[in-house]
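# Chains, contacts and geometry: an overview
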Amino acid sequence: MTCVQRLVALDRRVSARLAIPGNNEARVLRLLTLAVAHSGDSPLWLLGVIAALLWGDALWRSLGWRVLIGTATVGAATTILKWLFRRQRPPGKGWGFYTRFDRHAFPSGHAARSACLAVLLAPLLPLWGIPLLPLWVALVGIARVSLQIHFVSDIVGGWIVGLLVGATLLPAF
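Structural notes, computed from the coordinates. (Residues numbered from 1 in each chain as written. Predicted model: local features only at pLDDT ≥ 70, side-chain atom pairs only at ≥ 80, totals over all residues. Heavy atoms only, no water.)

## Topic: the overall build of the protein chain
Summing up its helical and strand segments, the protein chain has eight helices and zero strands in all. Counted from the first residue to the last, the protein chain has its helices and strands arranged as α-α-α-α-α-α-α-α. Principal axes of the C-alpha set define a box for the protein chain whose edges measure 55 × 40 × 30 Å. Counting only contacts in the protein chain whose residues sit at least 6 apart along the sequence, the fraction spanning at least 24 positions is 72%. Entry remark: accessible area of the protein chain is about 9,900 Å², with carbon and sulfur atoms responsible for 73%. Placing the 17 positive and 6 negative side-chain charges of the protein chain at their respective mean positions leaves the two points 6 Å apart. (Helix = DSSP H or I, 4+ residues; strand = E, 2+ residues; numbered from the N terminus. Contact = heavy atoms within 4.5 Å. Areas by Shrake-Rupley, 256 points an atom, 1.4 Å probe, with all protein chains shown as cover. Lys, Arg positive; Asp, Glu negative; His and termini not counted. Charge placed at Lys NZ, Arg CZ, Asp CG, Glu CD.)

Structural data, given as structure tokens:
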């Protein structure tokens, strides 16, 4: 077994351990995980962008532009990478709205978006709020794996893309 094969096997094992069972006992956990996972959805953030740009003061408009540019840039980057790698999503019950339109898993768009937004929004938050951003980013990523929509490596790849895009865009603001 090659090194790459061992890493892929490890990725699959760790991802399977994080999966939430589909039984009734885990229903509440699954609902909470769905809420966390969907907190990284682009339509949700784009609704916030519209509100910030239309009704916000200068600070909120700045936040809106950051989210819009970050979301669009990360979306383009992850889409290109997904079509280059064409990695299939994990087998399981995690298939839903997004997976019908986006069958490729690497890198995770949700992980990339949350990481990019954390970088771009950190300068606008009070000091006490900044530690909440990496926590949110981690929870979104773990939730995507737990719902069997991504492997752990898809999330890590998404975080790397998001951090790079966020760091690249940050000087523009």
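After presenting the structure, the write-up continues.
## Describing a nonpolar patch on the surface
Together, L7, L10, V14, L18 and I142 line one region of the surface with nonpolar side chains, adding up to about 390 Å² of accessible area. Along the polypeptide, I142 turns up in helix α7 (residues 132-146). Overall, I142 belongs to the partly exposed group, its relative accessible area being 41%. (Patch = residues over 30% accessible without salt bridge, like charges linked within 9 Å, V, L, I, M, F, W, Y side chains within 5 Å. Salt bridge = Lys/Arg side-chain N within 4 Å of Asp/Glu carboxyl O. Buried < 20%, exposed > 50% of the residue type's maximum accessible area, 1.4 Å probe, protein only.)

## Some thoughts on the pattern of salt bridges
Counting across every chain of the model gives two salt bridges. A salt bridge links D11 to R87; the shortest N-O distance between them is 3.0 Å. On the criterion of sequence distance, the pair formed by D11 in helix α1 (residues 3-18) and R87 in the loop between α4 (58-85) and α5 (97-101) is long-range, its members being 76 residues apart. Across this residue pair, the class does not change: D11 and R87 are buried. A salt bridge links D154 to R87, with the nearest nitrogen and oxygen atoms 2.9 Å apart. Here D154 is found in helix α8 (residues 152-169), whereas its partner R87 is found in the loop between α4 and α5, with 67 residues between them in sequence. Of the two residues, D154 and R87, neither departs from the other in class, the shared state being buried.

## Some thoughts on the packing of aromatic side chains
In total, this model carries two aromatic pairs according to the counting rule given. Both rings, one in W45 and one in W136, keep their centres 5.6 Å apart while their planes meet at 50 degrees; by these two values the pair is tilted. A residue pair is termed long-range when its members are at least 10 positions apart, and W45 in helix α3 (residues 42-55) and W136 in helix α7 qualify at 91 residues. (Phe/Tyr/Trp six-rings, centres within 6.5 Å; stacked < 30°, edge-to-face > 60°.)

## Section: the packing of helix α6 (residues 109-121) against α8
In the contact formed by α6 and α8, the axes pass within 7 Å of each other and the chain directions differ by 30 degrees. The element α6 and its partner α8 pack so that their crossing is right-handed. Taken together, the residues of α8 that come into contact with α6 (itself represented by A111, A112, A115, C116, V119 and L120) are I155, G158, W159, V161, G162, L163, V165, G166, A167 and L169. Taken together, the residues of the contact of α6 with α8 sort by class into 13 nonpolar, three polar and no charged. (Axes fitted to C-alpha atoms, helices over the stretch in contact; angles between N-to-C directions. Left-handed = near helix turned anticlockwise from the far one by under 90°. Nonpolar A, V, L, I, M, F, W, Y, C, P; charged D, E, K, R; others polar.)

## Quick notes on the side chain of H150
Relative to the helices and strands, H150 is located in the loop between α7 and α8. Polar contacts involving the side chain of H150 include one to the side chain of S108, which spans 3.5 Å. With sequence-adjacent residues up to four places away left out, H150 is seen in contact with K82, R89, P90, A105, S108, R144, V145 and I155. (Polar contact = N/O pair within 3.5 Å; in protein donor to acceptor, adjacent residues only side chain to side chain.)

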